Amino acid sequence: MADISNKTEGLADLLLGSEAIGRGALEGGVNVVASYPGNPSTEITEAIRQVAEKMNIYVEWSVNEKVAVETAAAASFAGLRGLSAMKQNGLNVALDFVSGISTSGSNGGLVLVVCDDPSGITSTSEQDSRPLARSLDFPLLEPGTFQEAKDMTRFGLELSEKIGRMVLFRSATRLQHARGRTLLGSLPEEKRKAHFDTSKQYVAFPSLPRHVEAKERMAQAKELCKDSAFNVYEGPENPDLLIITCGSCYLYALDAMNLLGLWDRVGILKIGTVWPLPDDLIKTHMAKNSRILVLEEVEPFLEGNLKELAVEWAADVSMPTFFGRRTGPLSDTGELNPDIIITALTEILELTYEARPPAYDQQAKAMVEKLVPPRSLALCAGCPHRASYWAIKNAEVLDTRDGFVTGDIGCYSFGLFPSGYSIMKTEQAMGSGPGVGYGFGKLGQFDMQQPVVAVVGDGTFYHGALPALVSAVNNQSNLTLVVLDNGATAMTGFQPHPGTGLDAFGHPAKPVLIEDICKSLGVRVEIIDPYDSEAATQKVLDFMNDEQQGPRVLIMRQQCALQMARSGKLYDVWVDQEKCVGEDCGCNRYCSRAFKCPGIMWDAQAQKARIDEAICVGCGVCAQVCRHEAILLKPLKAVQGKDS
Amino acid sequence: MENKAYIRGQKELREEVHDTGLCTGCGACVNLCPYYATSRDKTVVKDLCDRTAGRCYAFCPRTPTDLEAIRQQLFEPQDLTPELGAVKGFYLTRASDPDTRSLAQHGGTVTTLMSLALSEGIIDTALLAEGGGSDLPSGVAVSQASEVSKLAKSKFIAAPMVEAFNKAVLSDAQKIGVVATPCQTLALAKMKMKPFPKNDSQIGKLRLTIGLFCGWVLSWRSFKQLLDQKIDQRKIVSLDIPPSKYKTMQVETNSGLVEIPLDEVEACVREACKFCTDVTAEFSDISVGSARLPDGWEVAKGWNQVIVRTTAGEALMQLAKDRRVLEFREVPGGNLDKLKQASLKKKRTALDNLACKSGDRDDLLYLDCRDPVFQTFDW
């Protein structure tokens, strides 16, 4: 990642959207950054973290998003500037506190950056977070360019401080992960000290007068944003069609305009201060246009609000024809791109322009199919989660009571797919594996006979599983909880969590061990290495059949295979092709087809299995899977099953 | 019509047998490959296999089977009877050794014959069931004659003996003897037909099959639940079912005899047993069951009825006679007829049940309605 602490004002840098937000936070004098990782938000905090120590900024990866916002809010209450970044799912975790601070107000500049994920590319939803700004009375900023990403973050901190309210800042995947030219501003010299003014209260109660006050602050924000440079019109004085857009759709719209050569016919009004809307500016442009196309990700938030305004103004502004995600021709789901916008424009303006030849998609697919072998979403070679799922799958089969797994979010979500033997049957939110599993464990009085294994990652255990586990103890739910402990928040890039014993900077922190928590709750807890396949299977079976009341926790502990790839293989692994049965009855490629580790290849020439040395991390589990002793191991270092 | 003995793969085995309640849990599909296991009285599919033809399907006693072809191959035509399969001889026997008798369920004939086969080197490995009652039984391999009598009680829950056989053939064992239920002897017989000539699972190592008379076996989970309601299971010494007129299961415990009404026990019968036509284990070398005598149950339960079916079986019986390890008593007139009637009764019930299940009297699922035996009686 780029070093975002460059002091040269006016320098043009090529920054990721997430780096630009980080730089904006530095320029805005941020003091405390507390976040929870989650794509596409993670790099914002990472960028700041890299320069935080030298700039005396406190950065932490909090235990969850709610604690993250609370931490940043405390800084604000103490007169500092705070920022918290998270993905849209994380905002939901934080929402109770976010709702509270909407009425309690804040002090020092406080920005909550939420990164949405249109099309849900790396998420369980494509939730649009913007309507929250309206329902909870927060100003909402949405950058359309990399420059704006930086400038708006700084502006957001300033605006927040002026109106005493947290500001929502909405980014999305494409902006976060693309690079663009960004002119750097100055870094502040001011060193703030934390002090809480005890003459003040930041409380959410009594709610009605607080709500009235929030509305007043929103009116103030509207006034402050009314002439904002983040709201720009480009185009002819009286266009045939007005595009009103916000966020990353702005750049798509520019592409479309340039490709179609529409600058003499179509205008673009880009809104950066998305809530409260700059009414006067919009009214001026709406009055000049009979047709309006609204471009936004993903819900028709802007479109709906514009229509509401159009109805309000019906007496003095003639009602335009709207196009958008609600009215069409755009879909009301999925991410937009320049091609989709070009297609919409040609339809509305009756142009002939083919964004792509009609058969382009099929041709591209056919070409790709020739070049790339088909692959399903899969756990990495040697992933301990695969070994754990193999053991859990086998235990559930051997148990014969039609058991299943409740799970949640992390690399281990691949338990949904063939790579994880499709054993995960519920998956909703961080910690919902234990939560839903806990619920199943209370269905005994309705003759629930199936054993339920709830899985949760180590990071997620701290993040969202503890209340469910406490409830399971308290209400004696018949729950087998398996913690898939790979010693890392692996999916988002190895951020520390309370169990790792490290802080965000890699400095020692006091570890909070899962087994200690479980012991303190009085539950049966054991630790096992999932690489020890048969023992792990038997242990899961034993836990599933524990007739003691209440929950029990099995920690399946083995370091992430990516760490293993860095630290060196446990074993040299190879196939004795003389012993390999191949596709014959008695095996039928059991190692690659049933166990599915991508480190095992099919040697088409020999019609035998082979190990892909390039990606095998030498976990040795496949040697236990092969019944013909055809997969052989040579230990390369002291096997340290229970390290990490 | 298609020959009944076609071979398909795991998908069809699951659809036609495992998922339909026909699976007997014999374990014929287990230990051939990593895809199956026996667990808690069930044959389970651990992983999906996409082979279109597999030994699992070929050996299963509940996949389409040409019984007549097996009879023609394994037995001498003049020995064949419609009711009981091949009968070379019919005897009432018991172990000469009183210790063997005291440890055995009834007359101790099976124990004696297996011990004899081991000590005479006819076999080097005997596969017997261990456990039973509310415990899960399993097949164990024994190579010493003295170990056989320790495993001599009726189980009422079937141990997956064919699974044990599939395991034993991979070991150093060269000459294997198996004690098996009728469905298990059918699986072994199907292996003897070598439907997979390239990969016959070394069936040549099977030298002796002693079949057990079997009306049905119990489902472990249901039976365990029933026993849980009645008895502290740690106290159980043995289980027995006297002739049907008693209508009870007798459970001998440390603190005395407990009787469970047979209706309650029969509610626990394994679903697959309703579709079995074989009470006397027709596809074995020697079949053994409890005796019926005019002297009453107290005497009869000390004896066995034995059907010798093959020359190998005949030779072993002769040896037992010569070595005086078995005592023989005269078979009362009518005993064989009674057994034939009992056998026909089971065949009729099973065929009716199969026709009922398929909804078509011409479709007997794994059996062939054109089988000559099924033409000899009304059902």
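Residues numbered from 1 in each chain as written. Chains lettered and ligands numbered in written order. Predicted model: local features only at pLDDT ≥ 70, side-chain atom pairs only at ≥ 80, totals over all residues.

Side note on the overall build of chain A
We apply this condition: Numbered from the N terminus, helices here are DSSP runs of H or I no shorter than four residues, and strands are runs of E no shorter than two. Within these notes, the globule rule equals 2.2 Å times the number of residues to the 0.38 power, and the radius of gyration is based on C-alpha atoms. Exposure classification rests on a simple neighbour count of other C-beta atoms within 10 Å of a residue's own: a residue reaching 20 or more is buried, one at 12 or fewer is exposed, and one in between is partly exposed. C-beta atoms are placed from the backbone. The contact criterion used is a C-beta to C-beta distance within 7 Å, with each C-beta placed from the backbone.
On a plain count of helices and strands, chain A comes out with 21 helices and 24 strands. Taking 644 residues into account, the globule formula puts the C-alpha radius of gyration at 26 Å, and chain A, at 28 Å, falls close to it. Dimensions along the principal axes, computed over C-alpha positions, put chain A at roughly 80 × 65 × 55 Å. Relative to its 644 residues, chain A shows a buried fraction of 53%. In chain A, the share of contacts with a sequence separation of at least 24, taken over all contacts with a separation of at least 6, comes to 79%.

Looking at the overall build of chain B
Within chain B one finds 13 helices and 15 strands. The C-alpha atoms of chain B give 20 Å as radius of gyration, which agrees with the globular expectation for 379 residues (21 Å, within 12%). Judged by the C-alpha coordinates and their principal axes, chain B covers about 50 × 50 × 45 Å. Across chain B, contacts joining residues at least 24 apart in sequence account for 70% of those joining residues at least 6 apart.

Structural notes on the domain arrangement of chain A
Residue and element names in this part refer to chain A. What counts here: Start and end positions for the domains come from either an automated domain assignment or a database one. In this classification, Asp, Glu, Lys and Arg are treated as charged, Ala, Val, Leu, Ile, Met, Phe, Trp, Tyr, Cys and Pro as nonpolar, and every other residue, Gly included, as polar.
For chain A, the assigned domains read domain 1 (12–225), domain 2 (232–349), domain 3 (384–564) and domain 4 (569–635). Contacts between the two partners involve 26 residues from domain 1, matched on the other side by 18 residues from domain 2. Of all the elements in the fold, those that place two or more residues in the side of domain 1 that touches domain 2 are α5 (131–136), β6 (140–141), α6 (146–163), β7 (167–172), α7 (173–177) and α8 (207–225). With four residues, α8 is the single largest residue contributor to the side of domain 1 that touches domain 2. A per-class count over the side of domain 1 that touches domain 2 returns 13 nonpolar, three polar and 10 charged.

Here's the deal with the sheet that holds strand β15 (residues 404–407) of chain A
Residues and elements named next belong to chain A. Worth spelling out the cut-off: A strand pair is defined by DSSP finding two or more bridges across the two strands. Throughout, an axis means a line fitted to C-alpha atoms (over the contacting stretch in the case of helices), and angles, computed between N-to-C directions, take values from 0 to 180 degrees.
Pairing within the open sheet is parallel, and its six strands lie in the order β16-β15-β17-β18-β20-β19. Sheet topology places β16 (424–427) and β19 (524–528) at the edges, where each strand pairs with a single neighbour. Within the sheet, the average angular offset between the axes of one strand and its neighbour, ignoring direction, is 25°. On the sheet, helix α14 (residues 384–399) packs against β15, β17 (452–457), β18 (480–485) and β20 (552–557) and is oriented at approximately 160° with respect to β18. The sheet strands contacting helix α18 (residues 533–544) are β17, β18, β19 and β20, and the helix crosses β20 at an angle near 165°.

Things to note about the nonpolar core
Note the cut-off: For this entry, the nonpolar core is defined as buried Ala, Val, Leu, Ile, Met, Phe, Trp, Tyr and Cys residues connected by C-beta atoms within 7 Å.
Counting residues in hydrophobic clusters, the biggest one holds 187 residues, and the most contacted among them are M161, F165 and V179 of chain B. Contacts of V179 of chain B, omitting those with residues within four sequence positions, involve V110, M114, L127, L128, A129, M161, I210 and L212 of chain B. Membership of the second largest hydrophobic core comes to 100 residues, among which are L16, A47, A72 and A253 of chain A.

Describing the interface of chain B and chain A
Between chain B and chain A, the residue contacts involve 16 residues of the former and 11 residues of the latter. Mapped by element, the contributors of at least two residues to the side of chain B that touches chain A are β1 (36–39) and β2 (42–45) of chain B. For the side of chain B that touches chain A, the per-class residue count stands at seven nonpolar, three polar and six charged.

Details of the packing of helix α1 (residues 17–27) of chain A against helix α2 (residues 42–52) of chain A
Residues and elements named next belong to chain A. Going by this rule: In this scheme, roughly parallel covers angles under 35 degrees and roughly antiparallel covers those over 145, while 65 to 115 is roughly perpendicular and the rest are oblique. By definition, any crossing whose near helix is turned counterclockwise from its far helix by less than a right angle is left-handed, and any crossing with a clockwise turn is right-handed.
The interhelical angle for the contact between α1 and α2, taken along N-to-C directions, is 50°, at an axis separation of 8 Å. Classified by the angle between their axes, α1 and α2 sit oblique to one another. The hand of the α1/α2 crossing is right-handed. Listed contacts from α2 to S18, E19, I21, G22 and A25 of α1 are E43, I44, A47 and I48. Split into classes, the residues belonging to the contact of α1 with α2 amount to five nonpolar, two polar and two charged.

Quick look at unusual backbone geometry
Residue and element names in this part refer to chain A. Across the junction of F205 and P206, the peptide omega takes the value 0°, indicating a cis bond. Looking along the chain, the bond that leaves E297 and enters V298 is cis, with omega of -10°. Topologically, V298 is positioned in the loop between β13 (291–295) and α11 (301–312). A positive phi angle, close to 70°, is found at D447, a residue other than glycine. Position of D447 among the secondary structure elements: in the loop between α15 (432–440) and β17. Residue class for D447 comes out exposed when judged on the 6 C-beta atoms lying within 10 Å of it.

Some words on the sheet that holds strand β8 (residues 176–180) of chain B
Strand pairing in a sheet is mediated by backbone hydrogen bonds. Such pairs are either parallel or antiparallel. All names here are of chain B. Sheet architecture is open: eight strands sit in the order β7-β6-β8-β9-β13-β14-β5-β15, paired in mixed fashion. Each of the sheet's edge strands pairs with one partner strand only, and the pair in question is β7 (138–142) and β15 (326–329). Taken pair by pair, the neighbouring strands of this sheet meet at an average axis angle of 30°, ignoring direction. Of the pairings in the sheet, the one linking strand β13 (residues 286–290) to strand β14 (residues 304–308) comprises five bridges and is antiparallel in character. Across the sheet, residue V288 finds its bridge partner in β14, namely V306. Its contacts with the sheet put helix α8 (residues 182–192) on β8 and β9 (206–212), and the angle it makes with β9 is roughly 155°.

Describing α8 of chain A
Each α-helix winds once per 3.6 residues, and so residues spaced three or four apart point in a common direction. What counts is decided by this rule: Helices are assigned an expected span. That span is 1.5 Å times one less than the residue count.
With 19 residues, α8 of chain A should cover 27 Å at 1.5 Å per step; its first-to-last C-alpha distance of 26 Å lies within 8% of that length. As for α8 of chain A, its buried residues are in contact with α4 (88–104), α6 and β12 (273–275) of chain A.

A few points about the packing of helix α7 (residues 161–168) of chain B against α8 of chain B
Interhelical geometry of α7 of chain B versus α8 of chain B gives an angle of 35° and a closest axis separation of 9 Å. For the pair α7 of chain B and α8 of chain B, contact is made by M161, V162 and F165 of chain B and by Q184, A187 and L188 of chain B, respectively.

Thoughts on helix α12 (residues 311–322) of chain B
Residues and elements named next belong to chain B. Helix length check: α12, at 12 residues, gives a terminal C-alpha distance of 16 Å against a target of 16 Å (1.5 Å per residue), a fit within 8%. Packing partners of the buried residues in α12 comprise β5 (89–95), α5 (109–119), β9, β13, β14 and β15. R324 occupies a position one or two residues after α12 and carries a positive phi of about 60°.

Concerning the domain arrangement of chain B
All names here are of chain B. Here chain B is partitioned into domain 1 (86–215 + 270–331) and domain 2 (220–263). Put simply, the middle of domain 1 and the middle of domain 2, counted by C-alpha atoms, are 24 Å apart. If you look at the interface, domain 1 gives 10 residues, while domain 2 gives 11 residues. Residue composition of the side of domain 1 that touches domain 2, by class: four nonpolar, four polar and two charged.

What to know about the environment of L226 of chain B
Residue and element names in this part refer to chain B. Relative to the assigned elements, L226 resides in helix α9 (residues 220–230). Given 19 C-beta atoms within a 10 Å radius, L226 is considered partly exposed. With 41 residues separating them in the primary sequence, L226 and A267 have C-alpha atoms 9.6 Å apart. Non-local contacts of L226, meaning those with residues more than four positions away in its chain, are made with E264 and C268.

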